[in-house]
Structures are given as C-alpha cells and as structure tokens.
Amino acid sequence: RREVTHHLLDLLAPGPSNAEWEAEKAGWRAQVMGNSACCYRRGSRLAGAWHRGFDAAAHSSDPLGLML
C-alpha cells in the first residue's frame, strides 16, 4: 500500500479565479455601497454578471448580511 501525502501550502494556495463570479460579487457590493455604475463594457458577459449581482442584492431582504 502506497502512502499518500499532501503538502499543506499546496492545499491552501488560491484556486483559479472565476471572472464572472468576481463580477457578480462586485455588483452585489456596489448595490450595498450605493454605487450604480458598472465598470464593465456594456453588453459583455461580465457586465451581465455584475448586473445579476446588483439586482440580486437589490431584491434581497438583507443585502449587507448576505454580502458575497
């Protein structure tokens, strides 16, 4: 039987980032902070994600408490 070892620093390293998820979080934060200006190119997939986050926060009962 072969023993499996893991290096702790490898496990704690950041994973690949997801640009759409980051844009959605930015939209949520923008709504909470009262900023309605999207910084992404109009019509892009990142602008769409930003608006999804912004709209979700606007419809949330506790946007600050549920901030992503």
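Residues numbered from 1 in each chain as written. Predicted model: local features only at pLDDT ≥ 70, side-chain atom pairs only at ≥ 80, totals over all residues. Heavy atoms only, no water.

Looking at the overall build of the protein chain
Okay, so step 1: Helix and strand content of the protein chain: three helices and zero strands.
Okay, so step 2: In the protein chain, the order of α-helices and β-strands from amino to carboxyl end is α-α-α.
Okay, so step 3: For 68 residues, the compact-globule estimate of 2.2 N^0.38 gives 11 Å, and the protein chain exceeds it by more than 25% at 17 Å.
Okay, so step 4: For the protein chain, the C-alpha atoms occupy an extent of roughly 55 × 30 × 15 Å along the three principal directions.
Okay, so step 5: Residues counted as buried form 19% of the 68 residues belonging to the protein chain.
Okay, so step 6: In the protein chain, the proportion of contacts linking residues at least 24 apart, taken out of those at least 6 apart, comes to 64%.
Okay, so step 7: Of the accessible surface of the protein chain, which amounts to about 5,600 Å², a share of 54% is contributed by carbon and sulfur atoms. (Helix = DSSP H or I, 4+ residues; strand = E, 2+ residues; numbered from the N terminus. Rg over C-alpha atoms; globule rule 2.2 N^0.38 Å. Buried < 20%, exposed > 50% of the residue type's maximum accessible area, 1.4 Å probe, protein only. Contact = heavy atoms within 4.5 Å. Areas by Shrake-Rupley, 256 points an atom, 1.4 Å probe, with all protein chains shown as cover.)

Re a nonpolar patch on the surface
Okay, so step 1: Together, Leu8, Leu11 and Leu12 make up a nonpolar patch on the protein surface, roughly 350 Å² of accessible area in all.
Okay, so step 2: One can find Leu12 in helix H1 (residues 8–12). (Patch = residues over 30% accessible without salt bridge, like charges linked within 9 Å, V, L, I, M, F, W, Y side chains within 5 Å. Salt bridge = Lys/Arg side-chain N within 4 Å of Asp/Glu carboxyl O.)

Some remarks on the confidence of the model for the protein chain
Okay, so step 1: Model confidence for the protein chain is summarised by a mean pLDDT of 91, while 99% of its residues fall at 70 or above.
Okay, so step 2: Mean pLDDT values over the elements of the protein chain span from 83, in H1, up to 96, in helix H3 (residues 45–59). (pLDDT = per-residue confidence, 0-100.)

Some remarks on helix H2 (residues 19–33)
Two residues of an α-helix separated by three or four positions point the same way, owing to the 3.6 residues in each turn.
Okay, so step 1: Relative to the 21 Å expected for 15 residues at 1.5 Å per residue, H2 spans 21 Å between its end C-alpha atoms, a close match to the ideal helical length.
Okay, so step 2: Looking at the packing, one finds that the buried side of H2 touches H3.
Okay, so step 3: The backbone nitrogen of Glu20 lies 3.0 Å from a side-chain oxygen of the residue at the head of H2, namely Asn18.
Okay, so step 4: Residue Gly34 follows H2 closely and has a positive phi angle near 80°. (Expected span 1.5 Å × (residues − 1). Polar contact = N/O pair within 3.5 Å; in protein donor to acceptor, adjacent residues only side chain to side chain.)

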